[in-house]
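A closer look at the structure
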Amino acid sequence: MTISDTALATAILKLRAAGCVFAEDEAAILREAAADDATLNDLVGRRTLGEPLEQVVGHADFAGIRVRLRPGVFVPRVRSELLVTVAAELVTGAAEPVTLAAERKPRVLLDLCCGSGALGLAVRHRVPALDLYAADLDPVATACARDNGITDVFTGDLFAPLPEKIKGSVDVLIANVPYVATAHIPLLPAEARDHEPRSALDGGPDGLEVFRRVVKGAPTWLTESGVLLSEITEAQERNALEAVRNEGLDGDVIYDEDLDARVVRARRN
Ligand SMILES: C[S@@+](CC[C@H](N)C(=O)[O-])C[C@H]1O[C@@H](n2cnc3c(N)ncnc32)[C@H](O)[C@@H]1O
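Just so we're clear, the structure is a prediction, and the values are computed from it rather than from any experiment. For every chain, the first residue of the written sequence is number 1, and numbering continues from 1 along that sequence. Whole-chain, interface and lining totals are the exception, using all residues; otherwise, since this is a predicted model, local features are given only for residues with pLDDT of at least 70 and side-chain atom pairs are given and counted only at 80 or more.

**What about helix α7 (residues 139–147)?**
So the rule is basically this: As a rule, residues whose C-beta atom has 12 or fewer other C-beta atoms within 10 Å are exposed, those with 20 or more are buried, and those in between are partly exposed; C-beta atoms are placed from the backbone. Every helix listed is a DSSP run of H or I at least four residues long, and every strand listed is a run of E at least two residues long, numbered separately from the N terminus. Note that the arc is defined by the directions from the helix axis to the C-beta atoms. A pair of residues counts as a contact when their C-beta atoms, built from backbone coordinates, are within 7 Å of each other.
Turning to α7, its buried residues number three or more, namely A141, T142, C144 and A145. Summarising the axial view, the buried residues of α7 lie within an arc of 155°, below the 170-degree limit, and thus occupy one face. Those residues of α7 that are buried are in contact with β2 (65–68), β4 (130–136) and β5 (153–155). Just downstream of α7, G149 is the residue with a positive phi angle, here 100°.

Take a look at the structure:
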């Protein structure tokens, strides 16, 4: 079945009335996801109640790939493409002067706090010869990552559910942890506050609580030359680098102006 012009026009009007700035564009995306007029109307209803567009249509386009999303799973953000780029450069050896040991291939990539698995999958899309492992606390997220084709995906707190066999063998650990400071949660757009789990957003008083735990655990899982990459905000730079140094690691921050994104890179010194 196709969508009628009347249903599309109604969708645009409803989206505009609900305050959608790009009502025509969103209506076109919703139309693609709907099999008939009634479904389009349902999807528009969910969108006008504030659900993120990606959750309504059930997928997100991110860093060159499309991932499936389940309701309540964190929507991958455009800025996280920096994590993907830095990870892919490390794996391919293009990240001079920071390099991984040359000898062992394929590389092991661990996507911790994986959500839909978008980040790990986007790295694997760029560098197919990778062993990808992923984990998340939220079983809905890990089911979603499995939907997206990650087979080695584990549910539990940070490193706890991971298989022993990858201890000491992770070349690149990407961890897009929850890093919003608790006091800033009310300032987030309603889409995030109301439709993404608090556990995907809240990083404690300075936003770095989960990050610190990841930094503490990372050396056990990384190879000697392995690298941890994690997204942070500008305000978190000093504390994040201090957390890295406190665990005896070297760290620096990579900034991308176009994406307005920051990634902490940490490794053994
Ligand atoms: C900011 S989201 C990032 C999701 C995904 N990496 C992305 O960028 O699209 C943070 C994720 O961390 C997960 N998370 C929060 N606390 C965790 C913990 N203690 N152990 C494992 N995962 C956790 C949440 O369930 C959520 O999926």
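**Considerations on helix α1 (residues 5–17)**
Owing to its 3.6 residues per turn, the α-helix brings residues three or four apart onto one side. Our working definition: The span one expects for a helix is its residue count, reduced by one, times 1.5 Å.
Here α1 contains 13 residues, and its C-alpha end-to-end distance of 18 Å stays within 8% of the 18 Å for a straight helix at 1.5 Å per residue. Buried within α1 are the following residues: A7, A11, I12 and L15. On an axial view of α1, the arc spanned by its buried residues comes to 140°, and they lie on one face. Opposite the buried face of α1, by more than 90 degrees, sit the exposed residues D5, T6, A9 and A17. Residues of α1 that are buried sit in contact with α2 (23–33) and α3 (37–48). Among the residues trailing α1, G19 stands out with phi positive, at a value near 95°.

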